[in-house]
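# Working through the structure, step by step
Chain residues, written in single-letter form:
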Amino acid sequence: MDEAVREGAGGPDGSVTPALRGAIRAAMCHAAQTSRDVLTRAYVLGSSSSLYVGSRLERAFRDGMVAAQHGLLATMMLEPAGRIRLGLDVGVPIY
């Protein structure tokens, strides 16, 4: 996203352009994927204590996975971000 801001992806009046929106969405998806990987590794390293309901690790894993499953953070949203970067039609009405 920093790259998009440096390249002037925002409008001259500070508005959010499609290029900036695509960069933001791609950054959101990347953050969700990275968080999912970290949560999964922590869950595995927590061994059997991760399984118990009420465990802080179990709660963090469950809550984090729910957030990562949100439609706006799904990996399928990387495709529209890439299409914007290539100058193509997004193909998704809510993007």
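Counting restarts for each chain, with residues numbered from 1 along the sequence as it is written. In keeping with the model being predicted, local features are shown solely for residues with a pLDDT of at least 70 and side-chain atom pairs are shown and tallied solely at 80 or more, while totals for entire chains, interfaces and linings include all residues. Side-chain metrics rest on all non-hydrogen atoms present in the structure, leaving aside hydrogens and water.

### As for the overall build of the protein chain
- Segments assigned H or I by DSSP are reported as helices when at least four residues long, segments assigned E as strands when at least two residues long, and all are numbered from the N terminus. When you go through the protein chain residue by residue, the secondary structure sums to four helices and zero strands.
- Beginning at the N terminus, the succession of helices and strands in the protein chain can be written as α-α-α-α.
- For the exposure calls, accessible area comes from a 1.4 Å probe over protein chains only, and a residue counts as buried if that area is under 20% of its type's maximum, exposed if over 50%, partly exposed in between. The buried share of the protein chain, reckoned over its 95 residues, is 27%.
- Across the protein chain, every contact between residues at least 6 apart in sequence was considered, and the portion connecting residues at least 24 apart equals 45%.
- For the protein chain, the computed accessible surface area is about 6,600 Å², with 60% contributed by carbon and sulfur atoms. Throughout, a contact is declared for two residues whenever any of their heavy atoms are within 4.5 Å. Values of accessible area rely on a 1.4 Å probe in the Shrake-Rupley scheme; residue burial ignores everything except the protein chains shown.

### Some remarks on the packing of helix α2 (residues 18–45) against helix α3 (residues 56–68)
- The convention used is that axes are lines fitted to C-alpha atoms, helices contributing only their stretch in contact, and that angles between N-to-C directions extend from 0 to 180 degrees. The interhelical angle for the contact between α2 and α3, taken along N-to-C directions, is 155°, at an axis separation of 10 Å. What the angle tells us is that α2 and α3 run roughly antiparallel. Crossing of α2 against α3: the hand is left-handed. Contact residues: α2 offers A32, R36, L39, T40, A42 and Y43, while α3 offers L57, A60, F61, G64, M65 and A68. Roughly parallel here means an angle under 35 degrees, roughly antiparallel means over 145, roughly perpendicular means 65 to 115, and every remaining angle is called oblique. What makes a crossing left-handed is the near helix being turned counterclockwise from the far one by less than a right angle; a clockwise turn instead makes it right-handed.

### Things to note about α3
- Take the number of residues in a helix, subtract one, and multiply by 1.5 Å to get its expected span. Between its first and last C-alpha, α3 extends 18 Å over 13 residues, near the 18 Å set by a 1.5 Å rise per residue.
- For α3, the complete set of buried residues consists of E58, G64, M65 and A68. Buried residues of α3 fall within an arc of 140° about the axis and therefore sit on the same side. Pointing more than 90 degrees away from the buried face of α3 are the exposed residues R56 and V66.
- Packed against the buried residues of α3 are α2. Taken from the helix axis, the directions to the C-beta atoms give the arc we talk about.

From the geometry alone we can't say anything about function, so treat these as descriptive.
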